[in-house]
Amino acid sequence: MDNSYSISDLSREFDITTRTIRFYEDKGLLTPERQGQTRIYSSADRTTLKLILRGKRLGFTLDESREIISLYTPSSDNREQLNSLIRKIHERRSVLEQQRQDIEIMLLDLQASEERCNETLEQLSP
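Bear in mind the structure is a predicted one, so any value in this text is a computation, not a measurement.

The secondary structure content of the chain amounts to 5 helices and 3 strands. In the chain, the succession of helices and strands from N to C terminus is β-α-α-β-β-α-α-α. Relative to the compact-globule value of 14 Å for 126 residues, the chain shows a C-alpha radius of gyration of 23 Å, a clear excess of over 25%. When the backbone C-alpha atoms are referred to their principal axes, the chain occupies close to 80 × 35 × 20 Å. Per-residue burial over the chain gives 23% buried out of 126 residues. In the chain, once contacts between residues fewer than 6 apart in sequence are set aside, the share between residues at least 24 apart is 49%. Counting every atom, the chain has about 9600 Å² of accessible surface; 51% of that belongs to carbon and sulfur.

So this is what it looks like as structure tokens:
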């Protein structure tokens, strides 16, 4: 039998707010069943939430996570999903590498500016 979870269960497990879970639901990423006002999340919803949060940690947008998650097919080897994920990882890594280079340049510029300021201050001292 499929496990079921309340919104509070998932909130505690993943250390996120219930509002965050409802946000993902509003975006169509989670589709809990309802028993009156109570949301009942399936194991599939739990897995989807886990993948959304993992994607967020990796710096993926919600749309990128949605795209990757939508490629999952339980009856296949999910080669297409895995290749898509690898492409997204390479794209993200490339962006981060560029940001790292930009930060290194900025740090060198800051160091050079600080040194010039200190030299000027030393020249102004009696």
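Once that is clear, we can look at the environment of S8. Inspection of the secondary structure assignment puts S8 in helix α1 (residues 7-14). The spacing of S8 and R39 is 31 residues in sequence and 9.7 Å in space, taken between C-alpha atoms.

So, on to the pairing of strand β3 (residues 38-42). By the alternation rule, side chains of β3 split into R39 and Y41, which are all buried, and T38, I40 and S42, of which none is buried. Sheet topology places strand β2 (residues 33-35) next to β3; 3 bridges connect them, and they run antiparallel. Each residue of the ladder has a partner; that of Q35, found in β3, is T38. Connecting β2 to the antiparallel partner β3 that follows it, the hairpin turn spans 2 residues, and G36 within it adopts a positive phi of roughly 70°.

The next subject is a nonpolar patch on the surface. Together, I103, L107 and L110 make up a nonpolar patch on the protein surface, roughly 300 Å² of accessible area in all. Within the secondary structure layout, I103 lies in helix α5 (residues 79-124).

Moving on: the layout of surface pockets. In this approach, a probe sized like a water molecule rolls over the atoms, and the result shows the empty space that is left. Quantified by volume, the largest pocket comes out at close to 190 Å³. Around the largest pocket sit L51, R54, G55, L58, F60, S65, I68, I69, Q81, L82 and L85, which together line it. Those elements giving two or more residues to the lining of the largest pocket turn out to be α3 (43-57), α4 (62-70) and α5.

Further remarks concern the sheet that holds strand β1 (residues 4-5). Here 3 strands make up an open sheet; going across it, the order is β1-β3-β2 and the pairing antiparallel. Because the sheet does not close on itself, it has two edges, and the strands there are β1 and β2.

In this section: the packing of α4 against α5. Closest axis-to-axis distance for the α4/α5 pair is 8 Å, and the angle between their directions is 155°. What the angle tells us is that α4 and α5 run roughly antiparallel. Taking contact as the criterion, the partners of E64, E67, I68 and I69 in α4 are, on α5, Q81, S84, L85, K88 and E91.

It is worth spelling out the nonpolar core at this point. One finds L10, I21, Y24, Y41 and L49 to be the most contacted residues of the largest nonpolar core, which totals 14 residues. Among the secondary structure elements, those contributing two or more residues to this core are α1, α2 (18-26) and α3. The contacts of I21, once residues within four sequence positions are left out, are I7, L10, S11, I16, L30, Y41 and L49.

Each value, and the rule that gives it
- Along each chain, residues carry numbers from 1 onward, in the same order as the chain's sequence is written.
- Reporting in this predicted model follows two pLDDT cut-offs: at least 70 for local features of residues, and 80 or more for side-chain atom pairs to be given and counted; totals over whole chains, interfaces and linings ignore these cut-offs and use all residues.
- As a rule here, side-chain values cover all heavy atoms of the structure and leave hydrogens and water aside.
- Runs of H or I in DSSP of at least four residues are treated as helices and runs of E of at least two as strands, each being numbered from the N terminus.
- Radius of gyration here is computed from C-alpha atoms only, and the compact-globule reference equals 2.2 Å multiplied by the residue count raised to the power 0.38.
- Buried residues are those whose accessible area, probed at 1.4 Å on protein chains only, stays under 20% of the maximum for their type, while exposed residues exceed 50% and partly exposed ones sit between those limits.
- Note on contacts: a residue pair qualifies if any of its non-hydrogen atoms lie within 4.5 Å across the two residues.
- Note on areas: Shrake-Rupley, 1.4 Å probe, and residue coverage restricted to the protein chains presented here.
- Paired strands are those between which DSSP finds at least two bridges.
- Residues enter patches when they are more than 30% accessible in relative terms and free of salt bridges; like-charged ones are connected within 9 Å and nonpolar ones (Val, Leu, Ile, Met, Phe, Trp, Tyr) within 5 Å.
- Any carboxyl oxygen of Asp or Glu within 4 Å of a side-chain nitrogen of Lys or Arg constitutes a salt bridge here.
- The way it works is a 1 Å grid over only the protein atoms, where trapped points that fit a 1.4 Å probe form a cavity and open points with protein on both sides within 12 Å along at least five of seven lines form a pocket, and then any residue with an atom within 4 Å of a point lines it.
- Grid points are joined across faces, edges and corners, and a volume is the space filled by probe spheres set on the points.
- Axis definition: a line fit to C-alpha positions, over the contact stretch in the case of helices; interaxial angles, taken between N-to-C directions, run 0 to 180 degrees.
- Oblique is the label for every angle not falling under 35 degrees (roughly parallel), over 145 degrees (roughly antiparallel), or within 65 to 115 degrees (roughly perpendicular).
- We call a set of buried Ala, Val, Leu, Ile, Met, Phe, Trp, Tyr and Cys residues a nonpolar core when their side-chain atoms join them within 4.5 Å.

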